[in-house]
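Okay, here's what each chain looks like letter by letter:
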Amino acid sequence: MKILVIRRDNIGDLVCTTPLIRALRRQLPNASLQALVTHYNAEVLAGNPDLDRVYSYQKAKHRGPGEGTLGIYWQRLKTILALRRERFDWVLLPGGAAASSLRFARMIAAKRVLIRDDQDRQGGAHEVEQCCHLLPRMGLRYETPAPLVVPDPALQQAFREQCSARLGFAPTRLIGVHVSARKPSQRWPADRFAAFIRAVTEPEGTACLLFWAPGTSDDPKHPGDDHKAAEIIAATHGAPVVPLPTGHLRQLIAGLSLCDGVLCADGGAMHLAAALGKPMVCLFGDSDPERWGPWGNPHRIAQAESREVEDLTVESILQRWEEVQGANSAIECQERQ
């Protein structure tokens, strides 16, 4: 059996699709499982042991300097022809009936196309549950495994060495703080991030990895947080902080994999950290935690009544931080027993 999963959405959407892929591999160990994603989020699936092949294509709006629209569409046509030759038994659209995904499915000419629709909400409120509800529609068992991403070992080692060189010691505990957020309602002020970092790095041997999307805030394609990160670094002068701007997903995945806990806003970084099993506190603004919260890891949600992250206090976040660290310690004790 040959199965193709098409997911052309954002990073978090694709991470929330990896439980479906894991379940397919568990229940159909001899099937050929492949995926079609965009260049933008393809690194989410790098090294994924459940997939036999990953195809990716470039969206025209994401083209870089020197890349022409005609060349992008020519490469896309070649990808479609390669997929047609595979003669898939199933094409799955866990993201729903988006026009572009439907066009791909029609051009690939699979025997059966399965599109997520309203009946898949019976599986539960969360994105993972709704994706995995495609399983019983294929005649398979409904299950919702944890998501999965695989860090690059070479990058992990490089970041470990970078931390030791920057700090002058090898930290025994690393706290990850990711400060970027796409939606304005998800953004926490720089001074509060700095106060949180100063508090959690007080214990000896503890250090902070500071993550952000590099670039200027006025970049129309990929706005960044260089200015905000600089404010935080200045406000935490003397604290054990290692700046780690991540221009590529593989860097973010590798960096997050080294952390013992993570503070971040709802978004791609949150889902990546969840897929790495990291205990975390998640800052939610005007979005739904029941649908988009972390899946499969110890966590606490912080959401103000106003649905504005800027209304959350440092004290409330530190309280949730202590709660999730305590919950994670209890889980580790049970696992050892």
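Everything discussed here concerns the structure shown above.
Conventions and cut-offs
Residues numbered from 1 in each chain as written. Predicted model: local features only at pLDDT ≥ 70, side-chain atom pairs only at ≥ 80, totals over all residues. Heavy atoms only, no water. Buried < 20%, exposed > 50% of the residue type's maximum accessible area, 1.4 Å probe, protein only. Helix = DSSP H or I, 4+ residues; strand = E, 2+ residues; numbered from the N terminus. Contact = heavy atoms within 4.5 Å. Axes fitted to C-alpha atoms, helices over the stretch in contact; angles between N-to-C directions. Parallel < 35°, antiparallel > 145°, perpendicular 65-115°, else oblique. Left-handed = near helix turned anticlockwise from the far one by under 90°. Nonpolar A, V, L, I, M, F, W, Y, C, P; charged D, E, K, R; others polar. Pairing = 2+ DSSP bridges. Core = buried A, V, L, I, M, F, W, Y, C linked by side-chain atoms within 4.5 Å.

Caption draft 1: Broad picture of helix 10 (residues 249-257). The buried fraction of helix 10 amounts to seven of the nine residues, a majority that puts the element mostly inside the structure. The complete set of buried residues in helix 10 reads L249, L252, I253, A254, G255, L256 and S257.

Caption draft 2: Geometry of helix 2 (residues 18-27). Among the ten residues in helix 2, eight count as buried, and that is most of the element. Here the buried face of helix 2 lies against strand 1 (2-6), helix 1 (11-15), strand 2 (32-38), strand 4 (90-93), helix 5 (127-132) and helix 6 (134-137).

Caption draft 3: Quick look at the packing of helix 10 against helix 11 (residues 268-275). Orientation of helix 10 relative to helix 11, taken along the N-to-C sense of each, is 50 degrees, at an axis distance of 9 Å. Judged on the interaxial angle alone, helix 11 and helix 10 are oblique. The crossing of helix 10 and helix 11 is right-handed. Facing helix 10, whose interface residues are L249, L252, I253 and L256, helix 11 presents A269, L272 and A273. Looking at the contact of helix 10 with helix 11 residue by residue, the classes come out as seven nonpolar, no polar and no charged.

Caption draft 4: Examining the sheet that holds strand 8 (residues 241-245) more closely. Read across the sheet, six strands follow the order 8-7-6-9-10-11 without closing on themselves; strand pairing throughout is parallel. Every other strand in the sheet has two partners, leaving strand 8 and strand 11 (299-303) as the edge strands with one partner each. Ignoring strand direction, the axes of neighbouring strands in this sheet form an average angle of 15 degrees. Both strand 10 (residues 280-284) and strand 11 contribute to a ladder of five bridges, which runs parallel. Bridged to M280 within strand 11 is H299.

Caption draft 5: Local environment of the nonpolar core. Core analysis: the largest hydrophobic core is formed by 59 residues, its most contacted members being L24, V44, L92 and L272. Per-element accounting of this core gives the leading share, six residues, to helix 11. Beyond its immediate sequence surroundings of up to four residues, L92 is in contact with I3, L4, V5, I6, L20, L24, L114, L134 and M138. Residues F193, F196, A229 and I232 belong to the second largest nonpolar core, which totals 29 residues.

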